[in-house]
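What the coordinates show
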Amino acid sequence: MDTNEVISITKPEALVNDIDSDVEMSDIEDIETPKDNSNTFKSSIVTPGELVTDDPIWMKGHGTYFLEDKTFSSVAGNISRVNRLLSVIPLKGRYQPETGDHIVGRITEVANKRWKVDIGTKQDAVLMLGSVNLPGGVLRRKSESDELQMRNFLKEGDLLNAEVQTIFNNGIASLHTRSLKYGKLRNGIFLKVPSSLVIKSKNHSYDLPGNVSVVLGVNGYIWLYKTVAKSNSAANTSITSNTSKFQASVDSSGSYAPGQGSISITRLEEESSWEIYSDKNDPNISNSVRTNITRYNNVLKALSYCELGITEQRIIMGYEASLAYSNIGSLIDKEAMESICQDIINNEKMRGA
Amino acid sequence: MSDRRRLIGPLNTIIPNIGISSNATEADVFKGPSSATRNEDGLRQFFLKTGIIENANGSAYLEVGGNIIQVSVFGPRPIRGSFVDRASFSVECKFLPYISQPNEQLYNNTTVNAGSTANTGPTNANANGRTGLTNIEQKISSYIETALLPSIVLEKYPKSTIDIFVTILSTESSNSGSTKVDAALLGISNWVLNCSSVALVDSGIELKDVVTSGVATLKNDKLLLDPEVISSGEDNENTLTCVVSFMNLRNDEIVGFWMEGDQSKFEESQVEQLIDGCNNMSRQVRANINSYFTSTLE
Amino acid sequence: MSKMILSPAERSYLYDSLTQAPPIRPDSRTDHQFRPLEAKTSFLPGSNGSARIRLMDGSECIVSVKSKVVLSALESSLIECDIDVSGFRDDSNFVSNLKFYLTNLLQHNFPTQYLKLTSRYAFKLFIDCIVISHSSYPLSLISLTTYLALKTTRLPLLVSDVNDEEVAEQPTFSDDWDNAKYIGDFMKDGEVFQPPIFITLGVIGPNLIFDPSTEEEQVLENGLIVSFYGNKVITPISNINLATNSNNSNFKGLNRSLITKAMALGNKYCPAVVKALDTLIEQDDEEGTIF
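Bear in mind that the values here come from a model prediction, so they are computed numbers and not experimental data.

What counts, and where the lines are drawn
Residues numbered from 1 in each chain as written. Chains lettered and ligands numbered in written order. Predicted model: local features only at pLDDT ≥ 70, side-chain atom pairs only at ≥ 80, totals over all residues. Helix = DSSP H or I, 4+ residues; strand = E, 2+ residues; numbered from the N terminus. Buried ≥ 20, exposed ≤ 12 C-beta atoms within 10 Å, placed from the backbone. Contact = placed C-beta atoms within 7 Å. Pairing = 2+ DSSP bridges. Nonpolar A, V, L, I, M, F, W, Y, C, P; charged D, E, K, R; others polar. Axes fitted to C-alpha atoms, helices over the stretch in contact; angles between N-to-C directions. Parallel < 35°, antiparallel > 145°, perpendicular 65-115°, else oblique. Expected span 1.5 Å × (residues − 1). Core = buried A, V, L, I, M, F, W, Y, C linked by C-beta atoms within 7 Å. Domains from an automatic or database assignment. Left-handed = near helix turned anticlockwise from the far one by under 90°. Arc of directions from axis to C-beta. pLDDT = per-residue confidence, 0-100.

A tally of helices and strands in chain A yields 8 helices and 18 strands. Counting every position in chain A, which comprises 353 residues, the buried fraction comes to 31%. The long-range fraction of contacts in chain A, counting pairs at least 24 apart against all pairs at least 6 apart in sequence, stands at 59%.

What follows is the structure, encoded as structure tokens:
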């Protein structure tokens, strides 16, 4: 029997220590000497406590502090200049929410008229009871009975995808799920990658080959799930049935019945509302879909391991590269992950050329 | 109106007659385990009583051979803090301080340096002024907790906690010699489990089944149920000991399993034999517990 | 380590995937496959033996073996284990149980006769394990690291007389560290020194899965701990609730056939684990030690 089928034990990679101590010393001296020309910055990467500029004309932004008319960095990262605003963007750190971000989060607490949601930020985000769609129509007021049964909609541990609606003054993000593409997540698995690897784009939810879909949260929380067949989706059926009803009403009476067709959007919300809070998975998830989901899981882990930015195209290329491994179990090995990422990079070079 | 700032003792307290001799004879004080009579089914007779602790929601007392065990169940009690949809369940098992625990030098890091003048005493501070549980106590607690967990209908008690406290008043391994085999440990775990199950039933907490347990030793291909552990000097070659806990009315599902022993002769068939033995014993114990409860109802 | 809660949909998806035949594990491992490890031996210059194992998720364990010459008559055991898990109190149930398991395993399955120096003196081994970080139940991680540390433990060469019954003499040792011997060197021809190991198995539906991850632990129906020594499955064997700090609602009794099945699987796949560990030691040897 091949040992590698059971366990793979490798030696840790030797630490590459190529920092020359002499150079380092002279560097520090350099840093401590204030620059005459304050408009040119020594390097775009700074460490905490390093002088960024001594020109008081700059406005201090995130990641900096101001002392005796000089601006210092408070994090390790890249200097960013927008007009007169000077900030340092940290290389690593917690996810910083921005309005409009599509994120995946997990409920941590049910509180007064709101849910607390872990989205990987410093403080848990909040999802107000008023920011979700509830059964009974989108436009109705939230009543006391809704408050009492909040745990029936979302409870501790539940995963959802949502959009950052606004950032409060204290830095806490407020979320909303007022769209059919947001809400509780089902039929799949969850994984985390560093949020810095997720590249922001217009869309963060993709259908991938192999009947698998992904919600690639900007916060680095990812949900892989079985693609919902478009023709069978609740939303579409209700639309079609409403349309046919509408047509039927036109046909039979020969006149337009007000209310029949016009409620379709409200009806759509109503009919799907309880369903969007269901905990039941699709009973028919085939083994091939399940296997594909694990494949994508490993591809995403490989991208994260090799610190490659994650995009739809790279996920698909990684998936195609992973198909070369017939023994799917070997995908968790370091070598396999590196080779998949190498394939992706080569592929991109070829396309770029 | 009573003083609410103080914890008041139970109303029906009795002050013990301390220092009055009961004229106990040597034989009364310690009826050696050998004096325990065995029934025709091979088990030792055991004494069982429930409801002895008024303050607890359920309690049980068990004597078998030289083992004396007392269990109290508290709960379901409400818990504060974050919401949980099922009750949390914990077991804490303690030996009385003067009882020697089976193989304690080995597991509890109580390095007793006989002959050495530097008598540092037990490192775990267990003998007197002990802090937490010893490793052995923790291990028995975990065994009981794991085995009872599947039997309790925890989802009936959201935001609650159910706690079991076990006190071992006496064990038969008074001589914790140099024995390497943990038969004594398995033996006591077995009876602690049976006693805890009875206490759970007594508490009225909803159960899927009463977990009962059996312990068996296979020595030179001879199966012995409920072995007595007295002779630490005996050689333990080719001995396998096993405690298995079952839910006998739910397809004999195994909820607790712990096997120790010599490794030189060790076949799957022997494990089967041991499980069968333990199942036999578990069923006997179950029958006894059932008849105890029906008799208390009459 | 914070309490891990999965959503009901995640739980049921994971449960359904793991109860397929064969099980579909989230990281695509086969049922008998361990998570890949990174390991290093003999890196603590102050210890007789040392090893470190790291998992991809950052779980890491370091084991040091130190020896001391003792009067064997005064010792109840020639091996003493201590375990430290970051984030847990030493007297917590979690750490106490780990200590109990490891002590129990090594007590019954170690060739202590080779630690005897003379009729009166012996080496006593102190095994210190530190779990720096862990996500799933760390017993298997601890035991595999201990295997590497024990196997690479070197003890100084005795130069004084072995027979000290007549003359009361303190044992003396060679000054030259190059003369130090591995525990395996003391063994007779044909015998191989292979310390015992633990493996953890998750029970779910009809399946047994090796080395369950922390997500998998949350939905298991039961767990089994199986020991392996001398090329076969040995005692202790016991069941365990692996998801110790969660409220696993799937936990239930197990069918007896799974216990014998676990033994059979242990006998089938553990030799590969031991072989992989031995191969790593050989590779580390070729590089030469750092001292």
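So, next bit.
Here we come to the overall build of chain B. Helices and strands together make up the secondary structure of chain B, namely 5 helices and 9 strands. The helix and strand sequence of chain B, counted from the amino end, reads α-β-β-β-β-α-α-β-α-β-β-β-β-α. The 298 residues of chain B split such that 43% are buried. Put simply, of all contacts in chain B between residues at least 6 apart along the chain, 75% involve residues at least 24 apart.

Residues and elements named next belong to chain A. Alternating positions in strand 6 (residues 70-73) separate cleanly, Thr-71 and Ser-73 being buried on one face and Lys-70 and Phe-72 remaining unburied on the opposite face. Both strand 3 (residues 51-53) and strand 6 contribute to a ladder of 2 bridges, which runs antiparallel. Opposite Leu-51, over in strand 6, you have Phe-72 as the bridge partner. Sheet topology places strand 5 (residues 64-67) next to strand 6; 4 bridges connect them, and they run antiparallel. The residue bridging Leu-67 from the neighbouring strand is Lys-70, located in strand 6. Between the antiparallel neighbours strand 5 and strand 6 lie 2 residues, among them Glu-68 with a positive phi of about 50 degrees.

Tracing the sequence through the fold places C:Met4 in the segment before helix 1 (8-18). As for C:Met4 and C:Phe100, which are separated by 96 residues in sequence, their C-alpha atoms are 25 Å apart.

Moving on, we get to the interface of chain C and chain A. Opposite the 35 residues of chain C that make contact, chain A presents 35 residues. Breaking the side of chain C that touches chain A down by element, the ones donating at least two residues are helix 1, strand 1 (37-41) and helix 5 (257-287) of chain C. Among the elements that take part in the side of chain C that touches chain A, helix 5 of chain C stands out by supplying 8 residues, more than any other. Looking at the side of chain C that touches chain A residue by residue, the classes come out as 17 nonpolar, 9 polar and 9 charged. Two strands pair when backbone bridges link them, and strand 1 (residues 9-10) of chain A and strand 1 of chain C are joined in this way by 2 bridges, in the parallel orientation. Within strand 1 of chain C, the position partnered with A:Thr10 by the bridge is C:Glu38.

Before going further, it helps to spend a moment on the packing of helix 3 (residues 135-148) of chain B against helix 2 (residues 93-108) of chain C. The geometry of a pair of packed helices is captured by two quantities: the angle between their axes and the separation between those axes. Two elements in contact, helix 3 of chain B and helix 2 of chain C, have axes whose closest approach is 8 Å; the angle formed by their N-to-C orientations is 100 degrees. Judged on the interaxial angle alone, helix 2 of chain C and helix 3 of chain B are roughly perpendicular. Of helix 2 of chain C, the residues touching helix 3 of chain B (which contributes B:Asn135, B:Gln138, B:Lys139, B:Ser141 and B:Ser142) are C:Asn93, C:Ser96, C:Asn97, C:Lys99 and C:Phe100. The class makeup of the residues in the contact of helix 3 of chain B with helix 2 of chain C is 1 nonpolar, 7 polar and 2 charged.

For the rest of this paragraph, the subject is helix 4 (residues 183-203) of chain B. Each turn of an α-helix holds 3.6 residues, which means side chains three or four residues apart point in the same direction. Residues and elements named next belong to chain B. Counted at 1.5 Å a residue, the expected span for helix 4 with its 21 residues is 30 Å, and the 30 Å between its end C-alpha atoms agrees. Helix 4 sits mainly inside the fold: 20 of its 21 residues count as buried. Gly-204 lies just past helix 4 and shows a positive phi near 80 degrees.

An order of 1(A)-1(C)-2(C)-3(C)-5(C)-4(C) is seen for the 6 strands of this open sheet, with the pairing classed as mixed. Only two strands of the sheet have a single partner each, and these edge strands are strand 1 of chain A together with strand 4 (79-85) of chain C. Bridge analysis of strand 4 of chain C against strand 5 (residues 121-133) of chain C gives 7 bridges, and the strand direction is parallel. Across the sheet, C:Ile83 pairs through a bridge with C:Cys129, a residue of strand 5 of chain C. The strands touched by helix 3 (residues 139-151) of chain C within the sheet are strand 1, strand 2 (49-55), strand 3 (60-71), strand 4 and strand 5 of chain C, with strand 2 of chain C carrying the most contacts at an inclination of about 145 degrees.

As a further point, take the sheet that holds strand 4 (residues 59-60) of chain A. Residue and element names in this part refer to chain A. Reading across from one edge, 2-7-8-4 is the order of the 4 strands in this open sheet, with mixed pairing throughout. Since the sheet does not close on itself, it has two edges, and those belong to strand 2 (45-46) and strand 4, each with one partner. Inspection of the sheet shows strand 4 paired to strand 8 (residues 85-90) by 2 bridges, in the parallel sense. Each residue of the ladder has a partner; that of Lys-60, found in strand 8, is Leu-86.

Looking now at the nonpolar core. A general feature of soluble globular proteins is that nonpolar side chains tend to end up buried together. Counting 206 residues, the largest nonpolar core has A:Ile222, A:Trp223, B:Ile144, B:Val166, B:Val192, C:Val226 and C:Val273 as the members making the most contacts within it. Looking at which domains feed residues into this core, each of domain 2 (93-185) and domain 3 (186-227 + 286-353) of chain A gives three or more. Excluding residues within four positions of it along the chain, B:Val166 makes contact with B:Ile69, B:Val71, B:Val91, B:Glu92, B:Cys93, B:Lys94, B:Ile144, B:Val192 and B:Ser196. In this structure, A:Val52, A:Trp58, A:Ile79 and A:Val88 belong to the second largest nonpolar core, which totals 6 residues.

We now examine the pairing of strand 10 (residues 114-118) of chain A. Residues and elements named next belong to chain A. Only one face of strand 10 is buried, namely the one carrying Trp-115 and Val-117, since none of Arg-114, Lys-116 and Asp-118 on the opposite face is buried. Bridge count for strand 9 (residues 102-111) against strand 10 is 5 bridges, and the pairing is antiparallel. Bridge pairing links Ala-111 to Arg-114 in strand 10. Linking strand 10 back to strand 11 (residues 125-128) in an antiparallel pair, the connection comprises 6 residues, with Gly-120 at a positive phi of about 85 degrees.

Once that is clear, we can look at the packing of helix 3 of chain B against helix 4 of chain B. All names here are of chain B. Between helix 3 and helix 4, whose axes approach to 10 Å, the crossing angle comes to 50 degrees. Classified by the angle between their axes, helix 3 and helix 4 sit oblique to one another. Handedness of the crossing formed by helix 3 with helix 4: right-handed. Touching Ile-136, Ile-140, Tyr-143, Ile-144, Ala-147 and Leu-148 of helix 3 are Leu-185, Ser-189, Val-192, Leu-193, Ser-196, Ser-197 and Leu-200, all from helix 4. Grouping the constituent residues of the contact of helix 3 with helix 4 by class yields 10 nonpolar, 3 polar and no charged.

Our focus in this paragraph is helix 8 (residues 334-352) of chain A. Residue and element names in this part refer to chain A. An ideal rise of 1.5 Å per residue puts 27 Å on 19 residues; helix 8 measures up with 27 Å between its terminal C-alpha atoms. All of the buried residues in helix 8 are Ala-336, Met-337, Ile-340, Cys-341 and Ile-344. The buried side chains of helix 8 occupy one side of the element, clustering within an arc of 135 degrees when seen end-on. Exposed residues lying more than 90 degrees from the buried face of helix 8 are Glu-335, Gln-342, Asn-346, Lys-349 and Met-350. Looking at the buried positions of helix 8, the neighbouring elements they touch are helix 6 (287-305) and helix 7 (312-322).

On average, chain A scores 81 in pLDDT, and the residues at 70 or more come to 77%. This model gives residues 231-263 of chain A a pLDDT under 50, and the stretch forms 24 contacts once residues within four places in sequence are excluded.

Mapped onto the secondary structure, B:Thr296 falls in helix 5 (residues 268-297). Judged by the 11 C-beta atoms lying within 10 Å of it, B:Thr296 falls in the exposed class.

With that settled, the discussion passes to unusual backbone geometry. Among all residues except glycine, the phi angle is most often negative; among peptide bonds, the trans geometry is most common. Between B:Gly75 and B:Pro76 the backbone carries a cis peptide bond, its omega angle lying at -5 degrees. Residue placement: B:Pro76 occurs in strand 3 (residues 67-78). In this structure, the amide linkage connecting C:Ala21 to the following residue, C:Pro22, adopts the cis form with an omega of -10 degrees. On the secondary structure map, C:Pro22 appears in the loop between helix 1 and strand 1. Phi at B:Asp226 is positive, roughly 45 degrees, even though this residue is not glycine. Its place among the elements puts B:Asp226 in the loop between strand 7 (222-225) and strand 8 (239-247). Given 25 C-beta atoms within 10 Å, B:Asp226 falls into the buried group. Look at C:Asp211: it is not a glycine, yet its phi comes out positive at around 50 degrees.

Next up on the list: the environment of B:Val211. Residue and element names in this part refer to chain B. Checked against the element boundaries, Val-211 lands in the loop between helix 4 and strand 6 (212-219). With 23 residues separating them along the chain, Val-211 and Ile-188 place their C-alpha atoms 16 Å apart. If sequence neighbours within four positions are ignored, Val-211 has contacts with Ala-147, Leu-148, Ser-151, Leu-193, Ser-197, Ser-245, Phe-246, Met-247 and Val-255.

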